[in-house]
There are 2 protein chains.
Amino acid sequence: MNLINLSEGAYLAMHSLALVAKSQPERLTVKHLAEELDASQAHLAKVFQTLHKAGFVDSVRGPAGGFILKKPAEEISFLDIYEAMEGPVNLGHCPFGKTKCAFHNCIFTKDIHRISADIYQTYKRIRLSDF
Amino acid sequence: MNLINLSEGAYLAMHSLALVAKSQPERLTVKHLAEELDASQAHLAKVFQTLHKAGFVDSVRGPAGGFILKKPAEEISFLDIYEAMEGPVNLGHCPFGKTKCAFHNCIFTKDIHRISADIYQTYKRIRLSDF
DNA sequence: TCTATTTAGGCATTATAGTACCTAAATAAA
DNA sequence: TTTATTTAGGTACTATAATGCCTAAATAGA
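A quick note: this is a predicted structure, and the numbers were derived from the prediction, not measured. (Residues numbered from 1 in each chain as written. Chains lettered and ligands numbered in written order. Predicted model: local features only at pLDDT ≥ 70, side-chain atom pairs only at ≥ 80, totals over all residues. Heavy atoms only, no water.)

Student: How should the protein's contact with DNA strand C be read in this particular structure?
Tutor: Inspection of the region around DNA strand C gives 23 residues, with Glu8 of chain A together with Lys46, Gln49, Ser59 and Arg61 of chain B positioned closest. Within 4 Å of the protein, the contacting atoms of DNA strand C are 61% sugar and phosphate, with bases supplying the remainder. Arg61 of chain A is positioned with one of its side-chain polar atoms (N or O) 2.9 Å from a base nitrogen of DNA strand C. Where the surface near DNA strand C is concerned, the elements lending two or more residues are α1 (8-22) and α3 (41-53) of chain A together with α3 (41-53), β1 (57-60) and β2 (66-69) of chain B. (Near = heavy atom within 4 Å. Polar contact = N/O pair within 3.5 Å; in protein donor to acceptor, adjacent residues only side chain to side chain. Helix = DSSP H or I, 4+ residues; strand = E, 2+ residues; numbered from the N terminus.)

Structure representation (structure tokens):
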């Protein structure tokens, strides 16, 4: 069981974009990336549709086609990718969306908020140019 | 979107056991706890079936029934509860269960492992007696 | 004994993520 | 121009987690 919350989709997005960034300016195909990551080609294709719509990559169809980064690798953080795949992160509120808490001092306040902030800052700091 | 991985079930287990611990030796009912936590009574009842089987609570049926802790609050950590609800945690491996990694140094090694270890130690440290 | 309360357990329903499939569009190469 | 390749997008299927519902069992109290 995984302690951090990262779907297969977000995992694929982060890892495949890192590979795309590494091989710039060469285009990479979904087929190639799926083999490289030992992942489902169908799922990865869906992920890249999302990444394309979100403006992270440019696509070229046909033979010798594939994906390249649309923005410089320095300008794409893991947080950007995470939010594109999983939706926007909202820190500062109860991580479970509760408006009412049975505890005067939430039993999670001290620790869970610290950890959430840590993950947030970590994702924000890591950039595709780091690979 | 929540950065840490904690299901509604695990959230309910941690919070309701904290309330049970606080009100010892009085028994608490699922109905009471559901109101207190503003949560689904049906779901909480399921959670307590799991907690009962896992040996965290003793149950008494019928009027004036409810749940009490079976073990001292000092001996129950959030990690114990988490694992009872979500399954055993395995640190030290790829958090996504991959045996093959496309990166010589996994892009997550430094940070994700640090954060996972942090969450693990935090859950391990927090005990029901802390409330 | 009877009734109301409360947990136990099984089953059904719902939501979501993941996967698969099919067709269209684009394009490089033969 | 034709063919093979590859992304785009829609739809549908599957698996699993989460949630809800119903009935049985237990038990305190009237």
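Still more ground to cover, so stick around.
Student: Mind showing me how you'd approach the pairing of β1 of chain B here?
Tutor: Residues in a regular strand point their side chains to alternate faces of the sheet. All names here are of chain B. Taken together, the 4 bridges between β1 and β2 define a ladder with antiparallel strand orientation. Paired with Val57 across the bridge in β2 is Leu69. With antiparallel pairing between neighbouring strands as the criterion, β1 and β2 make up a hairpin whose turn holds 5 residues, including Gly62 at a positive phi of roughly 80°. (Pairing = 2+ DSSP bridges.)

Student: How do you make sense of the protein's contact with DNA strand D when you look at a structure like this?
Tutor: With respect to spatial proximity, 22 residues lie near DNA strand D, and among them Gln49, Ser59 and Arg61 of chain A together with Ser40 and His43 of chain B are the closest. When atoms of DNA strand D within 4 Å of the protein are split into backbone and base, the sugar-phosphate part holds 67%. Within the contact set of DNA strand D, a base nitrogen lies 2.4 Å away from a side-chain nitrogen or oxygen of Gln49 of chain A. Between a base oxygen of DNA strand D and a main-chain N or O atom of Pro63 of chain A, the distance comes to 3.3 Å.

Student: Hey, could you run me through the interface of chain A and chain B in this one?
Tutor: A common measure of how large an interface is: the accessible area buried when the components associate. Counting from both sides, the interface comprises 46 residues of chain A and, opposite them, 46 residues of chain B. Around 4,500 Å² of area is buried between chain A and chain B when both sides are counted, 64% of it from carbon and sulfur atoms. Asp118 of chain B serves as the salt-bridge partner of Arg114 of chain A, at 2.7 Å between the closest nitrogen and oxygen. On the surface where chain A and chain B come into contact, there are 8 residue pairs in polar contact (both at pLDDT 80 or more). Among the elements of the structure, α1, α2 (30-37), α4 (78-86) and α5 (109-125) of chain A are those that each provide at least two residues to the side of chain A that touches chain B. Along the lines of polarity and charge, the residues of the side of chain A that touches chain B split into 27 nonpolar, 7 polar and 12 charged. (Contact = heavy atoms within 4.5 Å. Buried area = accessible area lost by both parts, 1.4 Å probe. Salt bridge = Lys/Arg side-chain N within 4 Å of Asp/Glu carboxyl O. Nonpolar A, V, L, I, M, F, W, Y, C, P; charged D, E, K, R; others polar.)

Student: Looking at this structure, how should I read the layout of surface pockets?
Tutor: Rolled over the atoms, a probe as big as a water molecule pinpoints where empty space is left. By volume, the largest pocket amounts to about 310 Å³. Lining of the largest pocket is provided by 14 residues; of these, Val30, Ser59, Val60, Arg61 and Phe67 of chain B occupy positions nearest its centre. At the level of elements, α2 (30-37), α3, β1 and β2 of chain B are the ones that each hand at least two residues to the lining of the largest pocket. Grouping the constituent residues of the lining of the largest pocket by class yields 5 nonpolar, 7 polar and 2 charged. Space inside the second largest pocket adds up to approximately 220 Å³. Lining the second largest pocket, in full, are Thr29, Val30, Ala45, Phe48, Gln49, His52, Ser59, Val60, Arg61, Gly66 and Phe67 of chain A. Taken together, the elements giving at least two residues each to the lining of the second largest pocket come down to α3, β1 (57-60) and β2 (66-69) of chain A. Of the residues forming the lining of the second largest pocket, the biggest block, 4 residues, is contributed by α3 of chain A. The class makeup of the residues in the lining of the second largest pocket is 5 nonpolar, 5 polar and 1 charged. (1 Å grid on protein atoms, 1.4 Å probe; cavity = no way out; pocket = protein on both sides within 12 Å on 5 of 7 lines; lining within 4 Å. Points joined across faces, edges and corners; volume = space filled by probe spheres on them.)

Student: Where do I start with the packing of α1 of chain A against α4 of chain A in this structure?
Tutor: Helix packing for two helices is described by the angle between their axes and how far apart those axes are. Residues and elements named next belong to chain A. Viewed as axis vectors pointing N to C, α1 and α4 meet at an angle of 140°, and their least axial separation amounts to 9 Å. Crossing angle aside, the handedness with which α1 passes α4 is right-handed. Here Gly9, Ala10, Ala13, Met14 and Leu17 of α1 come into contact with α4, specifically with Phe78, Ile81, Tyr82, Met85 and Glu86. Residues that form the contact of α1 with α4 fall into these classes: 8 nonpolar, 1 polar and 1 charged. (Axes fitted to C-alpha atoms, helices over the stretch in contact; angles between N-to-C directions. Left-handed = near helix turned anticlockwise from the far one by under 90°.)

Student: Explanation requested: the relation of the copies chain A and chain B in the structure shown.
Tutor: Between the two chain copies there is a screw-like relation: a rotation about an axis and a shift along it. The two copies are related by a screw motion: chain A maps onto chain B through a turn of 180° and a shift of 0.1 Å along the axis, at an RMSD of 0.1 Å. On the angle and the small slide along the axis, the relation comes out as a two-fold axis. In this assembly, 100% of the residues forming the interface of chain A have copies in chain B that are likewise at the interface, indicating an isologous arrangement. (Least-squares fit on C-alpha atoms with pLDDT ≥ 70 in both.)

Student: Explanation requested: the packing of aromatic side chains in the structure shown.
Tutor: For the structure shown, the criterion picks out 8 aromatic pairs over all chains. Measuring from centroid to centroid gives 5.3 Å for Tyr82 of chain A and Tyr123 of chain A, while their planes differ by 35°, and the two rings are tilted. Of this pair, Tyr82 of chain A sits in helix α4 while Tyr123 of chain A sits in helix α5, and the two are 41 residues apart along the sequence. For the pair formed by Tyr82 of chain A and Tyr123 of chain A, the shared burial category is buried. Site record: aromatic cluster; members linked through ring pairs are Phe78 and Phe131 of chain A together with Phe103 of chain B. (Phe/Tyr/Trp six-rings, centres within 6.5 Å; stacked < 30°, edge-to-face > 60°. Buried < 20%, exposed > 50% of the residue type's maximum accessible area, 1.4 Å probe, protein only.)

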